[in-house]
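# Survey of secondary and tertiary structure
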Amino acid sequence: MNPQANLIFIISLLLGTTITISSNHWIMAWTGLEINTLAILPLISKSHHPRAIEAATKYFLTQSAASALVLFSSMTNAWHTGQWDITQLTHPTSSLILTSAIAMKLGLVPFHFWFPEVLQGSPLTTGLLLSTIMKLPPIALLYMTSHSLNPTLLTTLAILSTALGGWMGLNQTQIRKVLAFSSISHLGWMAIIIVYNPKLTLLNFYLYAMMTATIFLTLNTIKVLKLSTLMTAWTKIPSLNAMLLLTLLSLAGLPPLTGFLPKWLIIQELTKQDMAPAATLISLLSLLSLFFYLRLAYCTTITLPPHTTNHMKQWRTNKSTSTMIAILTTMSVMLLPISPMILTIV
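Residues numbered from 1 in each chain as written. Predicted model: local features only at pLDDT ≥ 70, side-chain atom pairs only at ≥ 80, totals over all residues. Heavy atoms only, no water.

The name given to the chain in an unreviewed UniProt entry is NADH-ubiquinone oxidoreductase chain 2, with the source organism recorded as Basileuterus tristriatus.

Structure representation (C-alpha cells):
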C-alpha cells in the first residue's frame, strides 16, 4: 500500500478514537465510531486476497449494524428523556440496546462470530489494531454509561464469553484465530466488572492491549502465522522466542507475571460485591484458555518438532530486536511488583 495512504488511514483511526473517547454527545461518539470503521477497512483488505476481502466485508456489515444500534439506542433515550448526553443514558430499553450494540462492536458472545474470521483474514499489523485500538472507543462508551447498565445481562455475557473464548480456542492451529478467541475471553473479564468498578475494566484493557501488542509485534518480526511454523521459528531469534513464552504465560494470567494483576483485582472486587460464585466460575473457565496459551508457549520454545519429518531449520538472523518490542515485553512480564502503586490509582 502507498505510504501516504497508509498514513492517512492510521491518522483517521487515531482521530476517530479520540473523537469517540472525548465526546459528550451521542452523535459525536457515533461519528468517531464510523470514522474508525471506514479507516480500518482498507487496512484489512490491502492484500487483495479473497480471504482479506471477505474479512473486510464481514467487518463492515457487523460494524454498520452495531453503529445503527448505537444511534437507535441514543435516539430512544433522547425521545424519552430529552437528553443527548452520553452519561445521561437512563432509559432501560436504551441501555439494553446499547449493551447489545457494544457487544457486537467488541465481539462479545453471542455476537462474536465475526471476530476470529476477520482477524484470520487480516495481516498481523492490522490484527494488532483490531485487537487493541479498535476496542478502545466501545469500552470508553461502556465506561461512560456503566452506572446505568444491567449487571445481570453483563455478567451473563461475560461468563459466556470467557467460556466460549476458551472452548473454541482449544482446537485452533492458526495463531491469529487463537489470539481472537483469547481476546473474546479477556473481554469477558472486562465486561463482568464494568458495572462495579469501571476503572478496573480500563486497567485490564490497558494491560491486555500491551501484552497483545507484544505478541503481535513478535510474531510479525519472526513472520509466523501457524503453530507448525512456530515450532521451527526458534532458530531465528532464540532470545525473542524465550520472551514470547513469558508474554504468553503473562497473557494467560499466571503469577508472578503482569497478566495476573487484573485477574486478581477483579476476583477481589467480585468477592467484595458478594459475587463469589461468579468469580469462581469465571476463574475456572479461564483455565480453558490457559490450556491453549500453554500449547502456544510449548510450540514457541520447542527445539525439536514432535514427529519424524525432517524440517528445514531456518537461518538465525543478525537483525536486532526493536526497542519497542523490548520495552513492551519487559512491561508485559514485570509490572506485578508495582501493583500497590496501581491500586492507589484504581
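### Section: the overall build of the chain
Keep this limit in mind: Numbering goes from the N terminus for both helices and strands, where a helix is a DSSP run of H or I of at least four residues and a strand is a run of E of at least two. The atom set for the radius of gyration is the C-alpha atoms, and the globule formula is 2.2 Å times the number of residues raised to the power 0.38. Contacts are assigned to residue pairs with any non-hydrogen atoms lying within 4.5 Å of each other. Positive charges come from Lys and Arg, negative ones from Asp and Glu, while His and the chain ends are left out of the count. Throughout, a charge is located at the NZ atom of Lys, the CZ atom of Arg, the CG atom of Asp or the CD atom of Glu.
Helix and strand counts for the chain stand at 16 helices and zero strands. Expected size for 346 residues packed as a compact globule is a radius of gyration near 20 Å; at 20 Å, the chain falls within 12% of this value. Dimensions of the chain, computed from the C-alpha atoms along their principal axes, are close to 70 × 50 × 35 Å. The long-range fraction of contacts in the chain, counting pairs at least 24 apart against all pairs at least 6 apart in sequence, stands at 77%. One way to put it: in the chain the 17 positive side-chain charges average out to a point 20 Å from where the 6 negative ones average out.

### So, the side chain of Ser73
Mapping Ser73 onto the fold places it in helix 3 (residues 50-81). Among residues more than four places away in sequence, those in contact with Ser73 are Leu89, Ser94, Ile97 and Leu98.

### What to know about a nonpolar patch on the surface
Rules: Exposure above 30% relative accessible area and the absence of a salt bridge qualify a residue for a patch, where like charges join within 9 Å and nonpolar side chains (Val, Leu, Ile, Met, Phe, Trp, Tyr) within 5 Å. Per-residue and other accessible areas were derived by the Shrake-Rupley procedure at a 1.4 Å probe size, with only the shown protein chains allowed to occlude residues. The salt bridge criterion pairs a side-chain nitrogen of Lys or Arg with a carboxyl oxygen of Asp or Glu, the two atoms within 4 Å.
On the surface, Ile27, Met75 and Trp84 cluster together into a nonpolar patch covering about 260 Å² of accessible area. Relative to the assigned elements, Trp84 resides in the loop between helix 3 and helix 4 (92-106).

### Comments concerning the pattern of salt bridges
The line we're drawing: To sort residues, take the accessible area from a 1.4 Å probe on protein chains only and compare it with the maximum for the residue type: under 20% means buried, over 50% means exposed, and anything in between is partly exposed.
If you walk through the whole model with that rule in mind, you get four salt bridges. A salt bridge links Arg51 to Glu117; the shortest N-O distance between them is 3.9 Å. Separated by 66 residues along the polypeptide, Arg51 in helix 3 and Glu117 in helix 5 (residues 114-121) bring together distant segments of the chain. Taking relative accessible area as the criterion, Arg51 reaches 34% and is therefore assigned partly exposed. Using a relative accessible area of 26% as the deciding quantity, one classes Glu117 as partly exposed. A salt bridge links Glu117 to Lys177; its shortest N-O distance comes to 3.6 Å. You can see Glu117 sitting in helix 5 and its partner Lys177 sitting in helix 9 (residues 175-193), a full 60 residues away along the chain. Salt bridges sharing partners connect three or more residues here, namely Arg51, Glu54, Lys58, Glu117 and Lys177.

### Examining the packing of aromatic side chains
For the record, the criterion: When the centres of two rings from Phe, Tyr and Trp lie within 6.5 Å, Trp using its six-membered ring, the rings pair. Their planes under 30 degrees apart give stacked, over 60 give edge-to-face, and anything left gives tilted. By definition here, charges over rings are those cases where NZ of Lys or CZ of Arg is within 6 Å of the ring centre and within 35 degrees of the ring normal.
Applying the stated criterion across every chain yields a total of five aromatic pairs. Relative to Trp114, the ring of Tyr59 lies with its centre 5.6 Å away and its plane at 65°, an arrangement referred to as edge-to-face. Residue Tyr59 is located in helix 3, and its partner Trp114 is located in helix 5; the two are separated by 55 residues in the primary sequence. Look at Trp114 and you get buried, because its relative accessible area is 8%. Measuring from ring centre to ring centre gives 5.4 Å for Trp114 and Phe115, while their planes differ by 70°; the resulting arrangement is edge-to-face. Grouping residues by exposure puts Trp114 and Phe115 together as buried. Each residue in the set Tyr59, Trp114 and Phe115 is aromatic and connected to the rest through ring pairs, giving one cluster. Taking the ring centre of Phe115 as reference, the NZ or CZ of Lys135 above it sits at 3.8 Å. Seen from the ring of Trp189, Lys263 lies directly overhead, with NZ or CZ sitting 5.1 Å from the centre.

### As for the domain arrangement of the chain
Spelled out, the test is: Domain extents, as shown, originate in an automatic or database domain assignment. Here the buried area means the combined drop in accessible surface, using a 1.4 Å probe, for two parts upon being joined, counting both sides.
Partitioning the chain into structural domains gives domain 1 (1-131) and domain 2 (150-306 + 321-345). When each unit is reduced to the centre of its C-alpha atoms, the spacing between domain 1 and domain 2 is 23 Å. At the interface, 22 residues of domain 1 touch 27 residues of domain 2. Interface area, domain 1 with domain 2, both sides summed: about 2100 Å², of which 76% is carbon and sulfur. Taken as a group, Val109, Gln120 and Leu124 account for 32% of the area that domain 1 buries against domain 2, more than any other trio of residues on that side.

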